[in-house]
Amino acid sequence: MVNDKHYKGTTTVGIVCKDGVVLATEQRATMGNFIASKTAKKVYQIDEKVAMTIAGSVGDAQQIVRVMSVESKLYKMRRKESMTIKGLTTLLSNMLSGQRYYPLMVQLLVGGYDKTGPSIYSLDALGGSIEETKAVSTGSGSPFAYGVLEDRYRENMSTEEGVELAVRALHNAMKRDSASGENIDVVVITEDKYTRLDMEEVKKMREEF
């Protein structure tokens, strides 16, 4: 069980689109019933076209981000190419599995674009890994987000449509989950680039819902 003094409480969303992936999170971090931060960063870039969303204990998650960022850079230096999303996920899964007696209390999404195309994987605290082919959500608000994702997701969505769906799912989750709130952070990864959306652009989108 995560100690109540750890920062926690999150909703994250990942959507696989025909031309890339969308990863999005809200920005509230809670410590028990106390809102510890309203600008918590929960989407981290770990390689040129790879990002990770975090849910659970912030300290544990940030440790993982640091290790994975270094490992991906070392791989690129040795092999002169980036590690695949599946390769990064396997490395991370092994790392988490090795900590099973002192588990890192996290729930993660790893997504991006590599030579095989767009992909997203979800991982649990013990290293269990699942490739997500459509839409996925993690964290305390995920049951509310899934209601929107299941209803509105369709095959071959563009990243523009994926952004709208991710923001809508988080917007609704934030209405019902007290551990989720504040702004929405959205990252879009395509074959060509890694883009973090402007906060004002996301706010305008939410006003239309």
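Residues numbered from 1 in each chain as written. Predicted model: local features only at pLDDT ≥ 70, side-chain atom pairs only at ≥ 80, totals over all residues. Heavy atoms only, no water.

To keep it simple, the criterion reads: UniProt positions are given in the numbering used here, feature names are shortened, and annotations may be inferred rather than shown by experiment.
Looking at an unreviewed UniProt entry, one finds the protein named Proteasome subunit beta, with Methanolobus vulcani as its source organism. The record in UniProt for the protein states the following under Function (unreviewed entry): "Component of the proteasome core, a large protease complex with broad specificity involved in protein degradation." Taken from UniProt, the Catalytic activity (unreviewed entry) comment for the protein reads in full: "Cleavage of peptide bonds with very broad specificity."

## Details of the sheet that holds strand S7 (residues 106-114)
Going by this rule: We treat two strands as partners when DSSP finds at least two bridges between them. Put simply, DSSP marks the helices as runs of H or I at least four residues long and the strands as runs of E at least two long, and each gets a number from the N terminus on. Fitting a line to C-alpha atoms yields each axis, with helices limited to the stretch in contact; the angle taken between N-to-C directions then spans 0 to 180 degrees. Here, two residues are considered to be in contact whenever any of their heavy atoms come within 4.5 Å of each other.
The antiparallel open sheet is built from five strands, whose spatial order is S5-S6-S7-S8-S9. Where the open sheet ends on each side, the last strands, each with one partner, are strand S5 (43-47) and strand S9 (129-132). Between one strand axis and the next, the sheet turns through 25° on average, direction left out of account. Of the strand pairs in this sheet, strand S8 (residues 117-123) and S9 are connected by four bridges, and their pairing is antiparallel. Bridging across to S9, isoleucine 120 finds its partner in glutamate 132. Helix H1 (residues 58-79) contacts S5, strand S6 (50-56) and S7 of the sheet and is inclined by roughly 20° relative to S5. On top of the sheet, helix H2 (residues 85-97) reaches S5, S6, S7, S8 and S9; it is set at about 160° to S7, its chief contact.

## Points about the nonpolar core
Going by this rule: Among buried residues, those of type Ala, Val, Leu, Ile, Met, Phe, Trp, Tyr and Cys that are joined through side-chain atoms within 4.5 Å constitute a nonpolar core. Type-normalised accessible area, obtained with a 1.4 Å probe on protein chains alone, sets the label of each residue: buried when under 20%, exposed when over 50%, and partly exposed for intermediate values.
Counting 25 residues, the largest nonpolar core has Val13, Ile15, Val22, Val163 and Val186 as the members making the most contacts within it. Top element by residues in this core is helix H4 (residues 159-176). It accounts for eight residues. Among residues more than four places away in sequence, those in contact with valine 186 are Val22, Leu23, Ala24, Val163, Val167, Thr195, Arg196, Leu197 and Val202. By size, the runner-up hydrophobic cluster in this structure holds 20 residues, among which are Val50, Met52, Val65 and Leu96.

## Considering the pairing of S5
Most of S5 is tucked away: four of the five residues are buried. The pairing of S5 with S6 spans four bridges and is classified as antiparallel. Pairing of tyrosine 44 across the sheet is with methionine 52, part of S6. Here S5 hands over to S6 after two residues, the two strands then running antiparallel side by side.

## Structural notes on H2
Selection criterion: Take the number of residues in a helix, subtract one, and multiply by 1.5 Å to get its expected span. An arc is given here, and it is the one of the directions from the helix axis to the C-beta atoms.
In a regular helix each residue adds 1.5 Å, so 13 residues correspond to 18 Å; H2 covers 18 Å between its end C-alpha atoms and thus fits that length. Taken together, the buried positions of H2 are Ile85, Leu88, Thr89, Leu92, Ser93 and Leu96. The arc enclosing the buried residues of H2, seen along the axis, measures out at 135°, which places them on a common side. Turning to H2, the residues buried within the fold contact S5, S6, H1, S7, S8 and S9.

## Digging into the UniProt feature "active site" (unreviewed entry) in the protein
Mapped onto this structure's residue numbering, the UniProt feature "active site" (unreviewed entry) falls at Thr10. Considering the arrangement of structural elements, one finds threonine 10 in the segment before strand S1 (11-17). Non-local contacts of threonine 10, meaning those with residues more than four positions away in its chain, are made with Glu26, Lys42, Ile54, Ala55, Gly56, Thr138, Gly139, Ser140, Gly141, Asp177, Ala179 and Ser180.

## Comments concerning the sheet that holds strand S12 (residues 194-196)
Taken in spatial order, the five strands line up as S10-S1-S2-S11-S12 in an open sheet, and their pairing is antiparallel. Each edge of the open sheet is held by one strand with a lone partner, namely strand S10 (135-139) and S12. Looking at each pair of strands side by side, their axes are set apart by 15° on average, direction ignored. In this structure, strand S11 (residues 184-190) lies alongside S12, joined through three bridges in antiparallel fashion. Each residue of the ladder has a partner; that of valine 187, found in S12, is arginine 196. Against the sheet, helix H3 (residues 142-152) engages S1 and S10, with an angle of about 165° to S10.

## Some details on unusual backbone geometry
With phi around 60°, asparagine 156 is a residue other than glycine that occupies positive phi space. If you trace the backbone, asparagine 156 turns up in the loop between H3 and H4. Here asparagine 156 falls in the exposed class, since its relative accessible area comes to 55%. At glutamate 182, a residue that is not glycine, the phi angle is positive and equals roughly 70°. Along the chain, the position of glutamate 182 falls in the loop between H4 and S11.

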